[in-house]
Structures are given as C-alpha cells and as structure tokens.
Number of protein chains: 2
Amino acid sequence: MSSKAFSSVWLRESRKATSPGRSREEIVRAALELLDEEGPSGLSMRKLGAKLQAGATSLYWYVANKDELLELLYDEVWADMTVQDPDEVGWRASATTLAYSMRQAILSHPWAAGLIGRLPALGPNALHVANEMRRMFKRAGFTGLDTDFAIATLTAYVFGMTIPEIAWKTTTGNREYDPEEMRAAVAQAAADYPDMLESVNMAGYEDPQAVRAMAFDFGLLSMLDGLERRLAT
Amino acid sequence: MSSKAFSSVWLRESRKATSPGRSREEIVRAALELLDEEGPSGLSMRKLGAKLQAGATSLYWYVANKDELLELLYDEVWADMTVQDPDEVGWRASATTLAYSMRQAILSHPWAAGLIGRLPALGPNALHVANEMRRMFKRAGFTGLDTDFAIATLTAYVFGMTIPEIAWKTTTGNREYDPEEMRAAVAQAAADYPDMLESVNMAGYEDPQAVRAMAFDFGLLSMLDGLERRLAT
DNA sequence: ACCTGAACACCGTTCAAGT
DNA sequence: ACCTGAACACCGTTCAAGT
C-alpha cells in the first residue's frame, strides 16, 4: 500500500449548496431513502444519480467517493440515539436508556450494520453521543482513561449484540420462512453436540425477538454491574 | 423479496474430491492465502480461479456462490480459537483465555471483520467453540437460557471490541502515517467538546496498541464480574 | 462428472469536454 | 462553478457447449 494520509469527510469543507438542485444534504437524504427502502444493495452511485435526475458522476462534485458518502450516512444513524441527562436520572439509568436507544437506532437502519466499527465515527451526531457518554461515565465516577474504556466497553457490547440480531432478521425476515424449518436446519448442524441441540430445541424459535430482547437485557445488566464494580475498587 | 429457504454450506453435501486437482479444501486454502496476503479486496472469484489455474466459473462446481465460500472461510477463523478445559482451570480462567484467543484470531485474519455477525456460524469449528463456551458457563453454574445469554454476551463483547480495532489498524497500519497527524485530525473533529479533546490529547496516540489492550482488559474484567454477579442472584 | 468461455447485468471512478 | 457521457477496470453469476 502506498502512503496515503488519513482522511474523513468531516475534515473537509462541504461544497456550498447553491442551486435548489443538489447539495450534500440532498444527496444524503436521497441515499438514506434508497437504503431504508431497498437495503444495502439499493445504494449505488448510479442509482443514486438516477434518483436525483443527475448523472452518476455528478455526485463526485459533492463527495470525494462512495466511502465518504457512507461516512455521511453513518452519522445519520447516530442522530437517532437519544440520551437522558445523567445529572437528572443518574448515570446508570442514563446508560441503560442510551443502550436501548443505540440498539433501536441500528435495528431501524439495518444497512448500517456493515458500517459500524469499520468507518470512523467523527460526524457531529456521533461526537455528540460520544460526549454524552463521557459525561455519563464521569458522573458515575470514572476518571482518566477509565472513562474512555467504559465508553468503549458499552458500545462494544451494544453493537456486538445487535449486529448479529440484524443478520438474523434479514436472513429470515421479510421472506416466507418457516421457523420450524430454520430450527431443524440449525439442529442438523449441531447434531454432534447434545447440549447445544437441547438448547436449540427450546430456545424459542417461535418468538426469536423476545428471546433476543431478553439476551440483550441480561448482558446489559451484567455489563453495567461489572462497570459499577470497577468504581468500587 | 421472494420466498427463499434458509441455506448454508454446512447443510449441503460437499462434492467429492476426486482428482488431485480441485476440491473445496483446495479452494478454501487458496482463498485464505489470497485474503491473508491482500486483504478482503484480494478475493474475487476471478482471481481465485486464476490462482488455481482454472476458469473462474469452475469454482461454481464446488461452491454454490461466493457467500458460501465466505462461510467456509469464516469457519477457518474459529479454528484459531483455543479453549482451556474449564474443569481444569476453572470457568473464569477458561473464559478469559478464550476471550483473548478470540481477539487474537480476528486480529490475525482482519478480512474476517466484515463477516462476523453477518454470516451464520454453523461450521464445525464455530460449533466446537460454541460448545466449549457452553461447557464453560454450565460449569460456572448457569442453566437454561442464561447459558445462551452468557455465551452471547461474551462473544458480543469480544467481537464488538475487536472489530473497530481492526478498522483502526487497517486505516493507519502498513502505511506511512504520522500518529501526530492522526491525533490532530481527530482533535479537529472534536474541537467543540473540551472533555473529549482533553482525552484525545492524552490517549496515547504513540502507542495505540497498548491502550487498546488495556481497554480490552478493562471491559473483559467488567463483563466477567457482571456475569459472576448474575450467578449470585 | 467436471470444466470452459462468452455473455449479462452490474459496479466505482477518472477525465476530457461541455455550459 | 457545475455537470455530462464515454471509457476503464473491475465485479458475481448463468448457461450452453465441450470433454
């Protein structure tokens, strides 16, 4: 690989929106529609150009490349995350509602699953959330690097738990699919492991959503208990 | 979307390896080389065909499509994860070394970052690890669904923490890159948030690896403490 | 049974040329 | 300053045809 400087959309000036026609905002809005309607494969520079009644290559005036566009889009997901003031409700309640809110934000923008953790999150919305988390954990009593570690731990858990949830939903979701067939398939794969088999057969394939939610709760509780424990030492 | 049954390579018979020439194993081995050497973009059906001195389309005899090939490759990552017997070292030590081993496995196959959580993990290696985790947590005292939840929580944490680590390494790694320039860039983005700025300026851009490792420790400790707490109630 | 090349329907991106 | 179409260098996959 040749030497190439680190870059991000957020570090470059946006082209001024001149005519009523195109602008970064317009492009992002249209791209968002494409993604939310058709999923990740719905977004190509060509399709996006068409939707905006423009040549695909016109977009390159506003955005350096597709990755930059994705950075822009990624930040929109962070806009859907809401934070309750830790000074009002306490850090733990604040962390809990934020975690749920993060999970919800990803679930409602499934196309973002492939972006999380792979794109720098330096957009204004991401920074705002990061800053709120910082306040939250400082309020809890963390100091120095521990504050950063707590932030990283919480986001890692939420994203790590939610991304597979999306994969599950998109393979099974919006499609004629028989939960029984699914169960049987997994059971077949796990045939050699009696303990796993047992679990597969009872793990609620009829209501996977409910089980997922329970799992999220369980892990979140553990996570927060563990962080609280750090404060005690 | 039309109705399409759930499918996975692991649920279909493999074509028999006949001649010394090609087989699923040969293909996977060659693909693995491509990925480890050139990264995710190094793998295309055409390049893989060329490497095997075959037409790109020959591969479709052994593998239904690229996604199936990726499933096969993904399972190889799980092969690198090692588990210590919880009956010998205790569940917590076993969980700790497994967590490190999982992190290490992903770090040494960075191309897998994009696959984790998005592909079903039904391969023999993945199942073996999953089963070991089950033993581990049962030994710890978990029962019923809680065992599954503990497994999900631990893997979510490890993957959620490690994937961004890879992203960081591949944007900055193997490339002329100035940590100071990087720091300055992030600082610029965070300009509006004094607390974040402060943290950015001390967060060890000279030795990001060390800081990452500390963060992983911190979170893992929290996670396991939290799980232990579940057992007490 | 196994392999092939041609062909189809796409991609992201560059760039000279237009207004 | 902004937009264009043509062109380049790729993709995954299907399929009729070959051995």
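What you are looking at is a predicted structure, and each value in this text was computed from that prediction instead of being measured.

Can you help me understand the pattern of salt bridges in this one?
Once their charged atoms are close, side chains differing in charge can pair, the charge on each being opposite to the other. Residues and elements named next belong to chain A. Tallied over the full model, the rule gives 24 salt bridges over all chains. Across the pair K51 and E33 runs a salt bridge whose closest N-O atoms are separated by 3.1 Å. Taken together, the positions of K51 in helix α2 (residues 45-51) and E33 in helix α1 (residues 24-38) put the pair 18 residues apart, joining distant regions of the chain. Given a relative accessible area of 33%, K51 falls into the partly exposed group. Judged by its relative accessible area of 34%, E33 is partly exposed. Residues D87 and R139 are paired through a salt bridge, measuring 3.1 Å at the closest nitrogen-oxygen approach. Here R139 lies in helix α6 (residues 124-140) and D87 lies in helix α4 (residues 86-89), a separation of 52 residues in the sequence. A relative accessible area of 48% means that D87 is categorised as partly exposed. Among the residues examined, R139 registers a relative accessible area of 47% and is labelled partly exposed. Each of D85, D87, E132, R135 and R139 takes part in one network of salt bridges that share partners.

I'm lost on the interface of chain B and chain A in this one. Help?
Many structure descriptions define interface size as the accessible area lost when the parts assemble. Every contact between the two is made by 66 residues of chain B and, on the other side, 66 residues of chain A. Regarding the contact of chain B and chain A, the summed buried area is about 5700 Å², with carbon and sulfur atoms giving 69% of it. Three residues stand out in chain B for area buried against chain A, namely F6, F149 and F218 of chain B, and they jointly supply 12% of the buried area on that side. A salt bridge links R230 of chain B to D225 of chain A, with the nearest nitrogen and oxygen atoms 2.7 Å apart.

Can you help me understand the protein's contact with DNA strand C in this one?
Lining the immediate environment of DNA strand C, one finds 18 residues, of which R46, T57 and K66 of chain A together with S58 and Y62 of chain B sit closest. Between DNA strand C and the protein, one listed contact pairs a phosphate oxygen with a side-chain N or O atom of K66 of chain A at 2.7 Å. By residue number, the principal contributor to the surface near DNA strand C is α2 of chain A, which donates three residues. Looking at side-chain class alone, the surface near DNA strand C contains six nonpolar, seven polar and five charged residues.

How do you make sense of the packing of aromatic side chains when you look at a structure like this?
Remark: the centre distance and the inter-plane angle together describe each pair of aromatic rings, the angle taken between the planes. Under the criterion given, the structure shown has 16 aromatic pairs over all chains. Consider the rings of F218 of chain A and F142 of chain B, whose centres lie 6.2 Å apart with planes at 65 degrees: the pair is edge-to-face. A residue pair is termed interchain when its members come from two chains, as with F218 of chain A in helix α10 (residues 208-232) and F142 of chain B in the loop between α6 (124-140) and α7 (145-172). There is no split in this pair, since F218 of chain A and F142 of chain B are both buried. An aromatic cluster is defined as three or more aromatic residues linked by ring pairs; in this entry it consists of W91, F137, F142 and F149 of chain A together with F218 of chain B.

Would you explain the relation of the copies chain B and chain A in this entry?
Mapping between the two copies of the chain is achieved by a rotation about an axis and a shift along the axis. Once chain B has been moved 0.0 Å along the axis and rotated by 180 degrees, it coincides with chain A to within an RMSD of 0.0 Å. Those values place the two copies in the arrangement expected of a two-fold rotation axis.

I'm lost on the environment of D80 of chain B in this one. Help?
All names here are of chain B. Looking at the element boundaries, D80 is found in the loop between α3 (66-79) and α4 (86-89). A residue is classified by how much of its surface remains accessible, and D80, at 40% relative accessible area, is partly exposed. As a C-alpha pair, D80 and P120 span 40 residues in sequence and 18 Å in three-dimensional space. Discounting chain neighbours no more than four positions away, the residues touching D80 are S101, A105, S108 and H109. A distance of 2.8 Å separates a polar atom in the side chain of D80 from a polar atom in the side chain of H109.

Even after reading the chapter, I still don't get the side chain of E68 of chain B, so can you show me in this structure?
Residue and element names in this part refer to chain B. Within the element layout of this structure, E68 appears in helix α3. A residue is classified by how much of its surface remains accessible, and E68, at 6% relative accessible area, is buried. With sequence-adjacent residues up to four places away left out, E68 is seen in contact with S8, V9, R12, R24 and V63.

Sorry, what's going on with α6 of chain A here?
Helical geometry note: an α-helix holds 3.6 residues per turn, so side chains three or four residues apart project in the same direction. All names here are of chain A. In this model α6 runs 24 Å from its N-terminal to its C-terminal C-alpha over 17 residues, within 8% of the 24 Å that 1.5 Å per residue would give. A126, L127, V129, N131, E132, M133, R134, M136, F137 and A140 are the residues of α6 that are buried. Immediately downstream of α6, the backbone of G141 shows phi near 120 degrees, a positive value.

Can you help me understand unusual backbone geometry in this one?
Among all residues except glycine, the phi angle is most often negative; among peptide bonds, the trans geometry is most common. Even without a glycine there, the phi angle at Q53 of chain A is positive, about 50 degrees. By secondary structure assignment, the location of Q53 of chain A is in the loop between α2 and α3 (66-79).

Where do I start with the packing of helix α5 (residues 91-108) of chain B against α6 of chain B in this structure?
Two measures define how a pair of helices packs: the angle their axes make with one another and the distance between the axes. Residues and elements named next belong to chain B. Axis separation between α5 and α6 bottoms out at 9 Å; the angle between their running directions is 150 degrees. In terms of their interaxial angle, α5 and α6 are classed as roughly antiparallel. For α5 against α6, the interelement crossing comes out left-handed. Contacts between α5 and α6 involve W91, S94, A95 and L98 from the first element and V129, M133, M136, F137, R139 and A140 from the second. Looking at the contact of α5 with α6 residue by residue, the class counts come to eight nonpolar, one polar and one charged.

Is there a simple way to think about the packing of α1 of chain A against α3 of chain A in this case?
All names here are of chain A. For the pair α1 and α3, the least separation of the axes is 10 Å and the interaxial angle reads 75 degrees. For the element pair α1 / α3, the angle class is roughly perpendicular. Touching R24, I27, V28, A31, L32 and L35 of α1 are E68, L69, L72, L73 and E76, all from α3. Residue classes in the contact of α1 with α3 are distributed as eight nonpolar, no polar and three charged.

In this structure, what is going on with the confidence of the model for chain A? I would like to understand it.
Predicted coordinates in areas of low pLDDT are best not read in detail. Within chain A, residue pLDDT values average 90, and 91% of them lie at 70 or more. Model confidence for chain A, summarised as mean pLDDT per element, is weakest for helix α8 (residues 179-189) of chain A at 84 and strongest for helix α5 (residues 91-108) of chain A at 98.

Rules used throughout
Residues numbered from 1 in each chain as written. Chains lettered and ligands numbered in written order. Predicted model: local features only at pLDDT ≥ 70, side-chain atom pairs only at ≥ 80, totals over all residues. Heavy atoms only, no water. Salt bridge = Lys/Arg side-chain N within 4 Å of Asp/Glu carboxyl O. Helix = DSSP H or I, 4+ residues; strand = E, 2+ residues; numbered from the N terminus. Buried < 20%, exposed > 50% of the residue type's maximum accessible area, 1.4 Å probe, protein only. Contact = heavy atoms within 4.5 Å. Buried area = accessible area lost by both parts, 1.4 Å probe. Near = heavy atom within 4 Å. Polar contact = N/O pair within 3.5 Å; in protein donor to acceptor, adjacent residues only side chain to side chain. Nonpolar A, V, L, I, M, F, W, Y, C, P; charged D, E, K, R; others polar. Phe/Tyr/Trp six-rings, centres within 6.5 Å; stacked < 30°, edge-to-face > 60°. Least-squares fit on C-alpha atoms with pLDDT ≥ 70 in both. Expected span 1.5 Å × (residues − 1). Axes fitted to C-alpha atoms, helices over the stretch in contact; angles between N-to-C directions. Parallel < 35°, antiparallel > 145°, perpendicular 65-115°, else oblique. Left-handed = near helix turned anticlockwise from the far one by under 90°. pLDDT = per-residue confidence, 0-100.

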